[in-house]
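Notes for the structure review
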Amino acid sequence: MLRLDDIDLIYNPGRVDEVVALRNLSVTFERGQFVTVVGTNGAGKSSLIQTISGAARPTRGRIHLDGRDVTRLPDHRRAGWIARVFDDPRAGTAPELSIEDNLALAMARGRARGLRFAVTTRRRAVMREHVAGLGLGLENRLADRVGLLSAGQRQSLTMVMAALSAPSVLLLDEHLAALDPGTTATVLALTTELVRELGATTVMVTHNMDHALALGDRLLVMSRGRVIADYDGTEKSEMTVGGLIDRITGAGDAVSDRSALVEKVTS
Amino acid sequence: MTQVLLDMLVTGLPLVPVFLGIYTVFRLRADFDLTVEGSFVSGGAVCALALVHGWPSWLALLAGTGGAAAAGAVTALIHLLLRVPVLLAGLVMSIGLFSVNLHVLDTPTVSLGTVGTMFSGFGSLSGRQADLATSGVMAGVVAVVLAAFGLFLRTELGLALRATGVNARMARSQGVNDRRLTVLALVLANGLAGLGASLTVQYQGYADVNMGAGTFVAGVGAVLLGELFVRPSGSKLLRIVGCVLVGTLAYRLVLVGALRVGLPAGDLRGVTALTLLVAIAAERYLGALGGLARTLTRNARSATAPARQEAA
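Predicted, not measured: the structure shown is a model, and the values here were computed from it.

**With respect to the overall build of chain B**
Counting secondary structure elements, chain B contains 13 helices and 2 strands. The C-alpha atoms of chain B give a radius of gyration of 21 Å, which matches the 20 Å a tight globule of 312 residues would have. Overall, the C-alpha framework of chain B stretches about 75 × 50 × 30 Å when taken along its three principal axes. Burial statistics for chain B: of 312 residues in total, 51% are counted as buried. Counted over contacts in chain B with a minimum sequence separation of 6, partners at least 24 positions apart contribute 77%.

The structure is reproduced here in structure tokens:
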């Protein structure tokens, strides 16, 4: 169980350029729950991800993961339990390094790194098995530089890396945003499959209202650093894209072009 | 010609560990550490002091390595505690170390005179044979260092080190503590500088408080030169150590050649600077030419084998 208690995340507090990213945020994610998060730009979605991953330390409040207080742990200390996929496909992998080196880096997550060889024959077999599941033929290109892969391939690889150490929380920060429609469908299918396999608590931030409604068993709507609506599975299934956009604009936020475009397409 | 190559080996091989350290920070970590200008002297000074106090030459080598590594640790502490860039921390250290080194040496130059070094057994040999034996011992040490470094890069820790320089955010999200690795990289890089300095001091028979000046630029020049020939990348570990070896020797060959054609020793720093500029220019322009040539040959090959391309 992942619990956020009364979180404030404020940049430059008390100064003229003060930015309130999160305000009085309290959410509890049940173990294994798949939660989608929507909201306009600046609503606090990415700040939520950053706070959970430990990349940003909250100004106030506590974060508990499976009963332990992780508020003060930096991101690299939480990496054993929390895996993260970034919005930018280039951010989740090291382009200069080979596919197998990237995977080996993920395999050692949550353990002390020592003087064992990072890539061994046995580990390579495990890697091959995991990557083969993608159906991209990457299992035969383990020694290739990741920089040679397309955005979709890199994002798929990042998903595999996230799953390698069986995390208890999976954070997906608009991980489909930079992909073309065809690739989006592929990576989306991979996402649902991985989430089901892992059984990890999953928080997926998205700009796509369709995805937000179609995936997962809970939906959070955020605005100005707060959660303004929290729909469970049944409420979510009765929700329409139009209704969701009304809920966001009702909070006084302008819906971005990207979300509005989806509304036009679906209506 | 043989003498030129021998000169290149005996003056170049001791620099291989030093430039390997510079490669570690400059390329693997994508950062600049100027500590090496001072820690190179620290390593040489500690080694000379140990030798003068009658330590065995191998132990003196290790002492020099440790002394310089300690300087790297201080740079890392300044960087982490005061939150200044490594570049600035190293710059401050390189200046401060001058005084420290002068205190260690006590005089600006310490001559080893008749003190036994790793190479003093070769004194009875003729000039050329002595050079050959000297470069043989150095090559042995360098081979061990390069092999150990290559193996280290293959470990989980070495992989984490390589990853932090390419994508620090990703490395952290994979559980890599990049602050700890900064310390490791700086200690390792400066330790290697100390090792090279100790070899240099034992070969030339004296330690001088100014012997470190220009080391950083020379190292960057050698790395760039090596990259022209070997083209290393993050996961091609043999190429990384190969790049440093080839680059260092090529750089020394340029300097030895400059001395041979009669340039005064004072011009060597100018030659070093020019070498660096030429290496950069060659990377900028010849690199593009090389890429063009590769594309052309690939096209020519695929034109002759269109069937295979279709199959692919």
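**As for the side chain of N190 of chain B**
Residues and elements named next belong to chain B. As for its position among the elements, N190 is in helix α9 (residues 178–204). Overall, the relative accessible area of 1% leaves N190 in the buried class. Side-chain polar atoms of N190 contact the backbone oxygen of L186, separated by 2.8 Å. Once residues within four sequence positions are removed from consideration, N190 is found in contact with D33, T35, V36, S39, A68, A69 and G72.

**Regarding the sheet that holds strand β4 (residues 60–65) of chain A**
All names here are of chain A. Spatial strand order, β2-β1-β4-β5: 4 strands in an open sheet with antiparallel pairing. Among the strands making up the open sheet, the edge pair consists of β2 (19–29) and β5 (68–69). Alignment of β4 against β5, held across 2 bridges, turns out to be antiparallel. Across the sheet, H64 pairs through a bridge with D69, a residue of β5. Sitting on the sheet, helix α1 (residues 45–53) is in contact with β1 (2–11), β2 and β4, with an inclination near 115 degrees to β1.

**A look at the nonpolar core**
I99 and L103 of chain A together with F19, L153 and Y251 of chain B are the most contacted members of the largest nonpolar core, which has 117 residues in total. When residues of this core are assigned to their parent elements, the largest contribution, 10 residues, is made by helix α11 (residues 237–260) of chain B. Sequence-distant contacts of L153 of chain B, that is, excluding residues within four places in its chain, are made with L28, G158, L159, L161, R162, L237 and I240 of chain B. By size, the runner-up hydrophobic cluster in this structure holds 27 residues, among which are L2, I7, V27 and V205 of chain A.

**Some thoughts on the confidence of the model for chain B**
Residue and element names in this part refer to chain B. When pLDDT is averaged across chain B, the result is 90; 92% of the residues are at 70 or more. Of all secondary-structure elements in chain B, the lowest mean pLDDT belongs to helix α13 (residues 306–311), at 40, while helix α4 (residues 57–81) reaches the highest, 97. Confidence drops under pLDDT 50 across residues 305–312; counting only partners more than four residues distant or on other chains, this segment forms 1 contact. Interface scoring of the predicted complex returns ipTM 0.87; its pTM is 0.88.

**Section: the interface of chain A and chain B**
Taken residue by residue, the interface counts 33 residues in chain A and 23 residues in chain B. For the pairing of chain A and chain B, the buried interface totals around 2500 Å² over both sides, and the portion due to carbon and sulfur atoms is 60%. Taken as a group, H76, L105 and R113 of chain A account for 26% of the area that chain A buries against chain B, more than any other trio of residues on that side. Here chain A is connected to chain B by 5 salt bridges. Notably, a salt bridge pairs E156 of chain B with R111 of chain A, separated by 3.1 Å at the nearest N-O pair. Linking chain A with chain B are 15 residue pairs in polar contact (both at pLDDT 80 or more). Elements that contribute at least two residues to the side of chain A that touches chain B include exactly α2 (75–78) and α3 (99–107) of chain A.

**Some words on the packing of aromatic side chains**
Residue and element names in this part refer to chain B. On inspection of all chains with the given rule, the structure shows 5 aromatic pairs over all chains. Their ring planes at 65 degrees and their centres at 6.3 Å tell us that F32 and F216 sit as a pair that is edge-to-face. One end of the pair, F32, is in the loop between α2 (15–28) and α3 (36–52); the other, F216, is in helix α10 (residues 215–230), with 184 residues separating them in the sequence. For F32, a relative accessible area of 38% puts it in the partly exposed group. Three or more aromatic residues joined by ring pairs make a cluster, and in this case those are F26, F32 and F216.

**As for the pairing of β4 of chain A**
In regular strands, side chains alternate between the two faces of the sheet. Residues and elements named next belong to chain A. Across 5 bridges, β1 lies against β4 in antiparallel orientation. By the bridge assignment, L4 is partnered in β4 with I63. The turn joining β4 and β5, which pair antiparallel and follow one another in sequence, is formed by 2 residues; a positive phi near 50 degrees is taken by D66.

**Brief notes about the packing of α2 of chain B against α11 of chain B**
Residues and elements named next belong to chain B. Between α2 and α11, whose axes approach to 9 Å, the crossing angle comes to 125 degrees. Relative to α11, the element α2 lies oblique. Once α2 is placed against α11, the crossing between them reads as right-handed. The residues of α11 that touch α2, namely those facing L15, V16, F19, L20, Y23 and L28, are I240, C243, V244, L245, T248, Y251 and R252. Residues that form the contact of α2 with α11 fall into these classes: 11 nonpolar, 1 polar and 1 charged.

**Points about the pairing of β1 of chain A**
Here β1 of chain A pairs with β2 of chain A via 7 bridges, running antiparallel. Across the sheet, residue Y11 of chain A finds its bridge partner in β2 of chain A, namely V19 of chain A.

**Some words on the sheet that holds strand β3 (residues 34–39) of chain A**
Residue and element names in this part refer to chain A. Pairing within the open sheet is mixed, and its 6 strands lie in the order β6-β7-β8-β3-β9-β10. Only two strands of the sheet have a single partner each, and these edge strands are β6 (82–85) and β10 (226–232). Across the sheet, the axes of successive neighbouring strands diverge by a mean angle of 20 degrees, strand direction being ignored. Where β6 lies against strand β7 (residues 169–173), 4 bridges are found, and the strand directions are parallel. Looking at β7, one finds that R84 is bridged to L171. Contacting β3, β6, β7, β8 (201–205) and β9 (218–223), α1 crosses the sheet at an angle of about 150 degrees to β7. Its contacts with the sheet place helix α9 (residues 241–250) against β3, β9 and β10, and it is angled at close to 155 degrees to β10.

Conventions used here
- Residues numbered from 1 in each chain as written.
- Chains lettered and ligands numbered in written order.
- Predicted model: local features only at pLDDT ≥ 70, side-chain atom pairs only at ≥ 80, totals over all residues.
- Heavy atoms only, no water.
- Helix = DSSP H or I, 4+ residues; strand = E, 2+ residues; numbered from the N terminus.
- Rg over C-alpha atoms; globule rule 2.2 N^0.38 Å.
- Buried < 20%, exposed > 50% of the residue type's maximum accessible area, 1.4 Å probe, protein only.
- Contact = heavy atoms within 4.5 Å.
- Polar contact = N/O pair within 3.5 Å; in protein donor to acceptor, adjacent residues only side chain to side chain.
- Pairing = 2+ DSSP bridges.
- Axes fitted to C-alpha atoms, helices over the stretch in contact; angles between N-to-C directions.
- Core = buried A, V, L, I, M, F, W, Y, C linked by side-chain atoms within 4.5 Å.
- pLDDT = per-residue confidence, 0-100.
- Buried area = accessible area lost by both parts, 1.4 Å probe.
- Salt bridge = Lys/Arg side-chain N within 4 Å of Asp/Glu carboxyl O.
- Phe/Tyr/Trp six-rings, centres within 6.5 Å; stacked < 30°, edge-to-face > 60°.
- Parallel < 35°, antiparallel > 145°, perpendicular 65-115°, else oblique.
- Left-handed = near helix turned anticlockwise from the far one by under 90°.
- Nonpolar A, V, L, I, M, F, W, Y, C, P; charged D, E, K, R; others polar.

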